[in-house]
Amino acid sequence: MIQFSKGLSIVILVFFSLVPVGVGEEIGYEPNWASLDRHPIPAWFQDAKFGIFVYWGLSAVPAYAPVGRYAEWYWYDQQTSPLGIDAKSGMETTAAFHQRVYGSDFGYQDFLPQFKAECFDPEAWAEMIQASGARYALLNAKHHDGFCLFQSGEANRSWSRAWNCVDAGPKRDVLGELTEVVRARGIKMGIYFSLYEWSNPLWLLDRELYIEKHLFPQFKDVVTRYQPELIFSDGEWDLSSAAWRSEELLAWLFNESPRGADVVINDRWGNDTRHRHGDYYTTEYTSGLEGIAKPWEENRGMGHSYGYNRMERAGDYKSAEELVLMLVDIVSRGGNLFLDIGPTADGRIPVIMEERLRQMGAWLAVYGEAIYGTRPWTNSRQWSEGALPQTTFGSQYMVAYDLQDWIEPKNEGQARIEAFFTRKGEALYAICPKWPGKTFVLKDQTLKTGALVTLLGVDTELAWENTKVGAVISMPEMGPGDLPAEYGFVLKMELGE
């Protein structure tokens, strides 16, 4: 053993403590956004592209909202919407529905005994998530009503009653059971966690005390026990991130929690943080983002709601084709699609939701090479001749996103999308929403000499030639039933210099 004098040991210790761990790396994260925003997002998130959000809770018992509203906001709407008819949908307002069906003496908390989850089968849920082709999933550990899908002493104390699914209702650790089986299938598992709670007595009494005595210990508890790979924070809009003490909480998450710095966080940590801070940006029922280097994610339901809404009919749900092409469009622009499913109160995934999951998975089983692990190309899409539709990108919440109009225009003279593009290494993928016909023209782009061009799912090398207008690829002659899908056909090719 090499011996050093006491003084020399101190000098050596000081020297090594000053040596940087690497360019751009941090020894620890400080509780400020300048430090926290240096947190590198794990590669798996950008490679995954497709995730499933599972929203479940007490609101699944009434399972009601006028079509166009979120059914999981039942308690809030029941207290704030006027009695009568909802102007947008022509249906009863939530308050009117509740009054008629349950009566004025029946409170939201009275739904708890009916939330039995007698058909909840976490293995079946995990199998459906895997069958969808999703690479990550998330469950709402706690929504804005404060009811927890894990055992929480903080919830019980704040509400002065059993207010979690282990001590009441199903009497099962829903979050724990689902987390275990989802991870067993190689799928990343995260949590949704609402910062605020509409009617929490402590929140209504003293917000600072709520944050100190309820939010902080509850958040640290759920993260420590379940170690989520992703945390989707929400319900942040009433306070700034400083008031929420979010920087302090996230410094704990990155530096001290069992999950450590490999966790992924979103941008909802205060009314000043969306599209400004966090590992990735979120959009909700919008056309998403475009032309930014920051990872982002569009999250939405298959219909108009996250939580199960009995009033939504088949026509309110996106078709499998619409959902697949939405995924393609979002991925071509550098985003992820986070698609929600809402189970029924007894624990079943509605059949129409299961069907959509399996249909998307069937498409990804053939064409997933053009989705997983890809990055945007120079052009995200190729248009036909015509006027481009007016589209709003960059909004955070609820803007029109009529992708089908981009593919099959309603107006004469409007351009349509001929292909979406993604790239992985030397390969360029052109994803054609409709069969291109006898040829596909990669406009204003040539292929390198000897480039291999194939149609995914079909073992056929395609002929092509470079022309003045671009590379012209001859499509194979295919009969009915010869193609593995009815939409979203993928050409794989090598680019020239």
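Residues numbered from 1 in each chain as written. Predicted model: local features only at pLDDT ≥ 70, side-chain atom pairs only at ≥ 80, totals over all residues. Heavy atoms only, no water.

Caption draft 1: Summary view of the overall build of the chain. Secondary structure summary: the chain contains 15 helices and 17 strands in total. Relative to the globule expectation of 23 Å for 497 residues, the C-alpha radius of gyration of the chain, 25 Å, shows essentially globular dimensions. The principal-axis extents of the C-alpha atoms in the chain amount to approximately 85 × 75 × 40 Å. When the 497 residues of the chain are sorted by exposure, 55% land in the buried category. Partitioning the intrachain contacts of the chain with sequence separation of at least 6 by distance along the chain shows that 72% fall at a separation of at least 24. Put simply, the chain has 46 plus and 67 minus side-chain charges, and the middle of one group is 1 Å from the middle of the other. (Helix = DSSP H or I, 4+ residues; strand = E, 2+ residues; numbered from the N terminus. Rg over C-alpha atoms; globule rule 2.2 N^0.38 Å. Buried < 20%, exposed > 50% of the residue type's maximum accessible area, 1.4 Å probe, protein only. Contact = heavy atoms within 4.5 Å. Lys, Arg positive; Asp, Glu negative; His and termini not counted. Charge placed at Lys NZ, Arg CZ, Asp CG, Glu CD.)

Caption draft 2: Local environment of the sheet that holds strand 12 (residues 439–443). Spatially, three strands are ordered 12-16-15 in an open sheet, and the strand pairing comes out antiparallel. The open sheet is flanked by strand 12 and strand 15 (464–467), the only strands paired with a single partner. Looking at each pair of strands side by side, their axes are set apart by 20° on average, direction ignored. Of the pairings in the sheet, the one linking strand 15 to strand 16 (residues 470–474) comprises four bridges and is antiparallel in character. Counterpart to Glu 465 in the pairing with strand 16 is Val 472. (Pairing = 2+ DSSP bridges. Axes fitted to C-alpha atoms, helices over the stretch in contact; angles between N-to-C directions.)

Caption draft 3: Summary view of the packing of aromatic side chains. Going through the model one piece at a time under the given rule, you end up with 50 aromatic pairs. With centroids separated by 6.2 Å and ring planes inclined at 85°, the aromatic side chains of Phe 219 and Trp 269 adopt a geometry described as edge-to-face. Here Trp 269 lies in the loop between strand 5 (264–265) and strand 6 (281–284) and Phe 219 lies in helix 10 (residues 207–226), a separation of 50 residues in the sequence. Assigned by exposure class, Phe 219 and Trp 269 land together as buried. Geometry around Tyr 372 places Arg 135 over its ring, the cationic atom sitting 3.5 Å from the centre. If you follow Arg 245 out to its NZ or CZ, it ends over the ring of Phe 216, 4.3 Å from the centre. (Phe/Tyr/Trp six-rings, centres within 6.5 Å; stacked < 30°, edge-to-face > 60°. Lys NZ or Arg CZ within 6 Å of the ring centre and 35° of its normal.)

Caption draft 4: Spotlight on the pattern of salt bridges. One pass over the full model with this rule turns up 31 salt bridges. In this structure, Asp 234 engages Arg 274 in a salt bridge whose closest nitrogen and oxygen atoms are separated by 3.6 Å. Here Asp 234, found in strand 4 (residues 230–234), pairs with Arg 274, found in the loop between strand 5 and strand 6; they are 40 residues apart in sequence, far enough to count as distant. Like Asp 234, the residue Arg 274 is buried in the burial classification. Ionic pairing is found between Arg 268 and Glu 284, a salt bridge with its closest N-O pair at 3.0 Å. With Arg 268 in the loop between strand 5 and strand 6 and Glu 284 in strand 6, this residue pair connects regions lying 16 residues apart in the sequence. Taken individually, Arg 268 and Glu 284 each receive the classification buried, so the pair is uniform in this respect. (Salt bridge = Lys/Arg side-chain N within 4 Å of Asp/Glu carboxyl O.)

Caption draft 5: View of the pairing of strand 6. Taking every second residue as pointing to the same face, both faces of strand 6 are buried, with Tyr 281 and Thr 283 on one and Thr 282 and Glu 284 on the other. Of the strand pairs in this sheet, strand 6 and strand 7 (residues 296–301) are connected by four bridges, and their pairing is parallel. Each bridged residue has a counterpart across the sheet, and for Glu 284 the counterpart in strand 7 is Asn 299.

Caption draft 6: How the structure looks around the pairing of strand 10 (residues 417–424). Along strand 10, six of the eight residues are buried, which leaves the element largely enclosed by surrounding structure. In this sheet, strand 10 lies alongside strand 9 (residues 381–383) in antiparallel orientation, the contact comprising three bridges. Pairing of Gln 382 across the sheet is with Ala 419, part of strand 10. The sheet contact formed by strand 10 and strand 11 (residues 427–432) spans five bridges and is antiparallel. Bridging across to strand 11, Arg 423 finds its partner in Leu 428. The antiparallel hairpin formed by strand 10 and strand 11 contains two residues in its connecting segment, where Gly 425 sits at a positive phi of about 60°.

Caption draft 7: Inspection of helix 8 (residues 174–184) at higher detail. Listed in full, the buried residues belonging to helix 8 are Val 174, Leu 175, Gly 176, Leu 178, Thr 179, Val 181 and Val 182. Backbone geometry just downstream of helix 8 places Gly 186 in the positive-phi region, at approximately 80°.

Caption draft 8: Quick look at the sheet that holds strand 10. Reading across the sheet, the six strands line up as 9-10-11-17-13-14 and stay open at both edges, with antiparallel pairing between neighbours. Edge strands, defined here as strands with exactly one partner in the open sheet, are strand 9 and strand 14 (458–461). Strand contacts of helix 13 (residues 320–332): strand 9, strand 10 and strand 11, with the helix running at about 55° to strand 10, the strand carrying the most contacts.

Caption draft 9: Looking closely at helix 14 (residues 351–367). A rise of 1.5 Å per residue sets the reference length of helix 14, with its 17 residues, at 24 Å; its end C-alpha atoms lie 24 Å apart and thus fit the reference within 8%. Taken together, the buried positions of helix 14 are occupied by Met 353, Arg 356, Leu 357, Met 360, Gly 361, Trp 363, Leu 364 and Tyr 367. For helix 14, the buried positions fall inside an angular range of 165° around the axis, keeping them on one side. When the buried face of helix 14 is taken as reference, the exposed residues oriented beyond 90 degrees from it are Val 351 and Ala 365. Next to the buried residues of helix 14 lie strand 1 (50–54), helix 6 (122–131), helix 13, strand 8 (335–341), strand 11 and strand 17 (489–494). (Expected span 1.5 Å × (residues − 1). Arc of directions from axis to C-beta.)

Caption draft 10: Examining the nonpolar core more closely. Residues Trp 363 and Leu 491 are the most contacted members of the largest nonpolar core, which totals 154 residues. With nine residues, helix 13 is the largest single contributor of residues to this core. (Core = buried A, V, L, I, M, F, W, Y, C linked by side-chain atoms within 4.5 Å.)

Caption draft 11: Representation of the confidence of the model for the chain in the model. The predicted model of the chain has a mean per-residue pLDDT of 93, with 94% of residues at 70 or higher. Long-range and interchain partners of residues 1–26, a stretch whose pLDDT sits below 50, account for six contacts in this model, where long-range means more than four residues apart. (pLDDT = per-residue confidence, 0-100.)

Caption draft 12: Region of interest: the state of the cysteines. For the coordinates displayed, the defined rule picks out zero disulfides. Summary of cysteine pairing: Cys 119 is not part of a disulfide, and the nearest cysteine sulfur, belonging to Cys 165, is at 16 Å. (Disulfide = S-S within 2.5 Å.)

Caption draft 13: Here's a closer look at the side chain of Glu 236. Within the secondary structure layout, Glu 236 lies in the loop between strand 4 and helix 11 (241–244). Within the structure, Glu 236 has its side chain in polar contact with the side chain of Arg 274 (distance 2.6 Å). In contact with Glu 236, not counting residues within four places along its chain, are Leu 195, Trp 244, Arg 268, Trp 269, Gly 270, Asn 271 and Arg 274. (Polar contact = N/O pair within 3.5 Å; in protein donor to acceptor, adjacent residues only side chain to side chain.)

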